[in-house]
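Structure at a glance
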Amino acid sequence: MAGVYFDELKVGQVFDHPIRRTITESDNVWFTAITHNPAYLHLDEEYCRQHTEFGTRIVNSAFTLGLMVGISVNDTTHGTAVANLGWDEVRFPKPLFHGDTLRVESEVLQLRESKSRPNAGIVEFLHRGYNQKNELVAHCRRSALQLKKTAE
């Protein structure tokens, strides 16, 4: 099992996830299309050249969020999570573009016992995504209900 149990985590612990992902035009167009998002920012290159400060399409932020959290799963919650409880303070300080490579790190911000489930605890992660220039492009707080190893 790749994930970490609740009782193996420590506040302040940082995971520098080894998986990185270069985002392709196909990734962005496919995700935007299947989520029925008609935004010109993701689909219309000519519009972006003429009407945006970026001069080209930008990556759909919902894809960026999903990819950032997805990259974190193997090292943190894979096989040890009961459920994702929520995302807070989701921010995108810089856009991603086709061809950018996303790198992710996660920090344990808080640990608390579950009041309703003695076999689990609640962990709050701060996920941070960086492009290949080491610029912060996304971050969010995520709460997860995590199994305890001692409860097995």
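Above this note sits the structure.
Residues numbered from 1 in each chain as written. Predicted model: local features only at pLDDT ≥ 70, side-chain atom pairs only at ≥ 80, totals over all residues. Heavy atoms only, no water.

A few words on the environment of D44. Looking at the element boundaries, D44 is found in the loop between α2 (40–43) and α3 (45–51). D44 sits 12 residues away from T56 along the chain, and the two C-alpha atoms are 8.5 Å apart. At a separation of 2.8 Å, a polar atom in the side chain of D44 contacts the main-chain amide nitrogen of Y47. (Helix = DSSP H or I, 4+ residues; strand = E, 2+ residues; numbered from the N terminus. Polar contact = N/O pair within 3.5 Å; in protein donor to acceptor, adjacent residues only side chain to side chain.)

Turning our eyes to something else, we now look at the side chain of T52. With respect to the element layout, T52 can be found in the loop between α3 and α4 (61–76). A distance of 2.7 Å separates a polar side-chain atom of T52 from the backbone oxygen of C48. Excluding its chain neighbours within four sequence positions, the residues that come into contact with T52 are L41 and Y47. (Contact = heavy atoms within 4.5 Å.)

Mapped onto the elements of the fold, T76 is located in helix α4. With 46 residues separating them along the chain, T76 and W30 place their C-alpha atoms 27 Å apart. The residues contacting T76, other than those within four sequence positions of it, are G3, V4, F15, H17, F125, R142 and Q146.

Because an α-helix packs 3.6 residues into every turn, residues spaced three or four apart end up facing the same way. Considered for burial, the residues of helix α1 (residues 25–34) that qualify are D27, N28, F31 and T32. For α1, the arc enclosing every buried residue in end-on projection is 115 degrees, short of the 170-degree limit, so these residues lie on one face. Along α1, exposed side chains directed more than 90 degrees from the buried face belong to S26 and W30. The elements touched by buried residues of α1 are β2 (21–22), α2 and α4. A positive backbone phi angle near 55 degrees is found at H36, which sits one or two residues after α1. (Buried < 20%, exposed > 50% of the residue type's maximum accessible area, 1.4 Å probe, protein only. Arc of directions from axis to C-beta.)

If you check α4, its first and last C-alpha atoms are 22 Å apart, about what 16 residues at 1.5 Å a residue would give, namely 22 Å. Among the residues making up α4, those that are buried are F63, T64, L65, L67, M68, V69, I71, S72 and T76. Where α4 begins, one side-chain oxygen reaches toward the backbone nitrogen of A62, 2.9 Å away; that side chain belongs to N60. (Expected span 1.5 Å × (residues − 1).)

Here the focus is unusual backbone geometry. We note that H36 has phi near 55 degrees; this positive angle belongs to a residue other than glycine. Exposure remark for H36: the relative accessible area of 69% places this residue in the exposed category. Here the phi dihedral of N134 falls at roughly 65 degrees; this positive angle occurs in a residue that is not glycine. Residue placement: N134 occurs in the loop between β5 (120–130) and β6 (136–147).

Let us now look at the nonpolar core. With 15 residues, the main nonpolar core has I23, F63, L67, M68, L96 and L102 as its most contacted residues. Elements that contribute at least two residues to this core include exactly α4, β4 (101–113) and β6. If sequence neighbours within four positions are ignored, L96 has contacts with I23, I58, V59, T64, L102, N131 and V137. (Core = buried A, V, L, I, M, F, W, Y, C linked by side-chain atoms within 4.5 Å.)

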